[in-house]
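# Geometric and topological summary
Spelled out from the first residue to the last, the chains are:
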Protein chains: 2
Amino acid sequence: MSKTFNDLISKVSECSVKKVAVAVAQDSAVLEAVAAAKERKIAEAILVGDEDKIKEVAASINMSLDGYEIIDEKDNYTAALKAVELVHNGQADMYMKGLIDTKSFLKSVLDKEVGLRTGKTLSHVCVFEIDGIDHLLFLTDVAFMTYPTLEEKVHIVENTVEICHACGVPNPKVAPLAAVEVVNPKMPVTLDAEELTKMYEEGKITGCIIDGPLSLDLAIDPEAAKHKGAEGRKIVGDADVLLFPDIHAGNLVYKCLVHTAKVKNGNILTGTKAPVILTSRSDDFETKVNSIALGAVVAEAMSIQ
Amino acid sequence: MSKTFNDLISKVSECSVKKVAVAVAQDSAVLEAVAAAKERKIAEAILVGDEDKIKEVAASINMSLDGYEIIDEKDNYTAALKAVELVHNGQADMYMKGLIDTKSFLKSVLDKEVGLRTGKTLSHVCVFEIDGIDHLLFLTDVAFMTYPTLEEKVHIVENTVEICHACGVPNPKVAPLAAVEVVNPKMPVTLDAEELTKMYEEGKITGCIIDGPLSLDLAIDPEAAKHKGAEGRKIVGDADVLLFPDIHAGNLVYKCLVHTAKVKNGNILTGTKAPVILTSRSDDFETKVNSIALGAVVAEAMSIQ
């Protein structure tokens, strides 16, 4: 079971070497992450984009391009399609965003011919290692799904549970979060949380344990959970997955962790045929490398299925 | 300007001595906080409740009751009414919840005869000192208002700005938060944030600066704000007030800070004639003492008006 990012990276070393196809690779932050991932034996990369610019950017950060396959394509969207097609065809194992806007990148992910669509809802999972918490936390959805319906929440849970399994968390505890831990008809999110819990109890959602609604202290702090009374609860401060009511709650907590707590994190887009790495400009270097490691572990799990 | 809780407590020492009336005082955690507040010269207390039980609880925590006024009233709700009336009549400066359920306590706050209602919306303010942030942050509403309308958000901002002024923050920067920093008609909270900003620009909300919608990094992290581009923004990682979209987002961030970051905090209920201290069971000892200090500073500011 992976409890830290170092555990995840050790897990990667046990897998066959994975390849990440980068869409529009002429981006210094992305190339730095890709170079570190290669050096740390996390993944190899195929760089798709404007070859001249890729060489220029690599030189500016003293990065050697020896051992990288480069596919020269000056048009950004065409480059994205060529990169995603490599993953579609199995020549690469995961797909990563470079210097292309998110909208065009996602369009390539969903391309009917060469993309990675499965018909499932796409959702975002952010994995955190937090000082003081002894296992990885999987936050969803903090960046992609805005106001998920109950049905979409089911898909989000299913997508996230797959990521947990890939990371060696065999039966994750999923906490549908709210401000309160009791069902209150005036708070629709608590009704969704109750419904998700029922669906788990009736065996309609499997591979995990669901117990909600939960407030954040009951979900992540065993002391607080015991103090407030944890009788009959399946989660007692030991949640693995934090399911947020909507993107505002999720994103605000995500940024709160990044900017005020001592954390490591990595992100992945899921619900696709292969892992998609969609880091943002504001993610730091280690977050990008961690995201590639996460992608490698998930790609390995998908290749085994 | 108070930048830490120590600053706030120094501010208290410059005020006349304040008195807190405690509703149903026979609670060990509340008595401990009240005793610490007295010892640190933050506030005196009038203890209303079952005198025998108060003495019993005080003995169990080795607390001397010398110098405390005790009003013996065995019925809990009557005790609350007697305690709130002391504040209503000016014999005490702030009102604090003891061993009584929140609903009954709030009913006493809103009592038409002896309560503290002003006709304004009640709202909750949580003040945080956070390791790595060089000034106090005022979070609202993380505990009381569930899904505030635009009109209620205006009242919440006005209530909170009063607390900021009392704490020596003369022109607080108010950040209406969302997952994103651009207005998006598909995200109603960003429309409210835009409207609040307009109301500020048109002089309809005064005593503060409002700039939203803002994501949390742009609100609290100057580096992130500069990195993402801060042109034309009035808040560049230096927000004082964080206005949350709803109680779920607010409460989840609040608990995230308490359980994963290095913080001090104190809470107050506002929109009332006098400060109301409504700490919860899960608040630790220092949080309760900080809340009394916050109440004392706010009571002083209210007495001057």
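An account of the accompanying structure is given in this report. Everything quoted here is computed from the prediction, not taken from an experiment.

## Describing helix α4 (residues 76-88) of chain B
Residues and elements named next belong to chain B.
- With 13 residues, α4 extends 18 Å from end C-alpha to end C-alpha; this agrees with the ideal 18 Å at 1.5 Å per step.
- Where α4 is concerned, the buried positions are A79, A80, A83, V84, L86 and V87. End-on, the buried residues of α4 take up no more than an arc of 145 degrees, which puts them together on one face.
- Buried residues belonging to α4 abut β1 (19-23), β2 (44-49), β3 (69-72), β4 (94-97) and α5 (102-109).
- The backbone nitrogen of Y77 lies 3.4 Å from a side-chain oxygen of the residue at the head of α4, namely D75.
- Positioned one or two residues after α4, G90 has a phi angle of 85 degrees, which is positive.

## Considering the interface of chain B and chain A
- Across the contact, 36 residues belong to chain B and 36 residues belong to chain A.
- Surface buried jointly by chain B and chain A totals about 2,900 Å² across both partners, of which 70% is contributed by carbon and sulfur atoms.
- Joining chain B to chain A, the criterion identifies 2 salt bridges.
- Where D217 of chain A meets K255 of chain B, a salt bridge forms, and the shortest distance between an N and an O atom there is 3.7 Å.
- Applying the counting rule to chain B against chain A returns 4 residue pairs in polar contact (both at pLDDT 80 or more).
- Those elements giving two or more residues to the side of chain B that touches chain A turn out to be α7 (188-201), α8 (216-220), α9 (222-228) and α10 (247-260) of chain B.

## Re the pairing of strand β5 (residues 123-130) of chain A
All names here are of chain A.
- Taking burial as the measure, the 8 residues of β5 include 8 buried ones, the bulk of the element.
- Where β5 lies against strand β10 (residues 263-270), 8 bridges are found, and the strand directions are antiparallel. What sits directly across from C126, in β10, is N267.
- Taken together, the 3 bridges between β5 and strand β6 (residues 137-140) define a ladder with antiparallel strand orientation. Counterpart to V127 in the pairing with β6 is F138.
- In sequence, β5 turns back onto β6 through a hairpin of 6 residues, with G132 there showing a positive phi of about 100 degrees.

## Some thoughts on the relation of the copies chain B and chain A
- Superposing chain B onto chain A takes a rotation of 180 degrees plus a shift of 0.0 Å along the axis, which leaves an RMSD of 0.0 Å. Both chain copies can therefore be described as sitting about a two-fold axis. Measuring from the rotation axis to each C-alpha of chain B, the shortest distance belongs to A249 of chain B, at 1.9 Å.
- When the interface residues of chain B are mapped onto chain A, 100% of them again lie at the interface, so the same face is used by both copies.

## Topic: the packing of helix α6 (residues 150-166) of chain A against helix α7 (residues 188-201) of chain A
All names here are of chain A.
- Running from N to C, α6 and α7 cross one another at 55 degrees; their axes reach a closest spacing of 10 Å. One way to sum up the angle between α6 and α7 is to call them oblique. Where α6 crosses over α7, the handedness of that crossing is right-handed. Counted together, L150, K153 and V154 of α6 and V189, D192, E195, L196 and M199 of α7 form the full contact between these two elements.
- A class-by-class count of the residues in the contact of α6 with α7 yields 5 nonpolar, no polar and 3 charged.

What counts as what
Residues numbered from 1 in each chain as written. Chains lettered and ligands numbered in written order. Predicted model: local features only at pLDDT ≥ 70, side-chain atom pairs only at ≥ 80, totals over all residues. Heavy atoms only, no water. Helix = DSSP H or I, 4+ residues; strand = E, 2+ residues; numbered from the N terminus. Expected span 1.5 Å × (residues − 1). Buried < 20%, exposed > 50% of the residue type's maximum accessible area, 1.4 Å probe, protein only. Arc of directions from axis to C-beta. Contact = heavy atoms within 4.5 Å. Polar contact = N/O pair within 3.5 Å; in protein donor to acceptor, adjacent residues only side chain to side chain. Buried area = accessible area lost by both parts, 1.4 Å probe. Salt bridge = Lys/Arg side-chain N within 4 Å of Asp/Glu carboxyl O. Pairing = 2+ DSSP bridges. Least-squares fit on C-alpha atoms with pLDDT ≥ 70 in both. Axes fitted to C-alpha atoms, helices over the stretch in contact; angles between N-to-C directions. Parallel < 35°, antiparallel > 145°, perpendicular 65-115°, else oblique. Left-handed = near helix turned anticlockwise from the far one by under 90°. Nonpolar A, V, L, I, M, F, W, Y, C, P; charged D, E, K, R; others polar.

In short, the description is geometric, and any link to function would need to be established separately.
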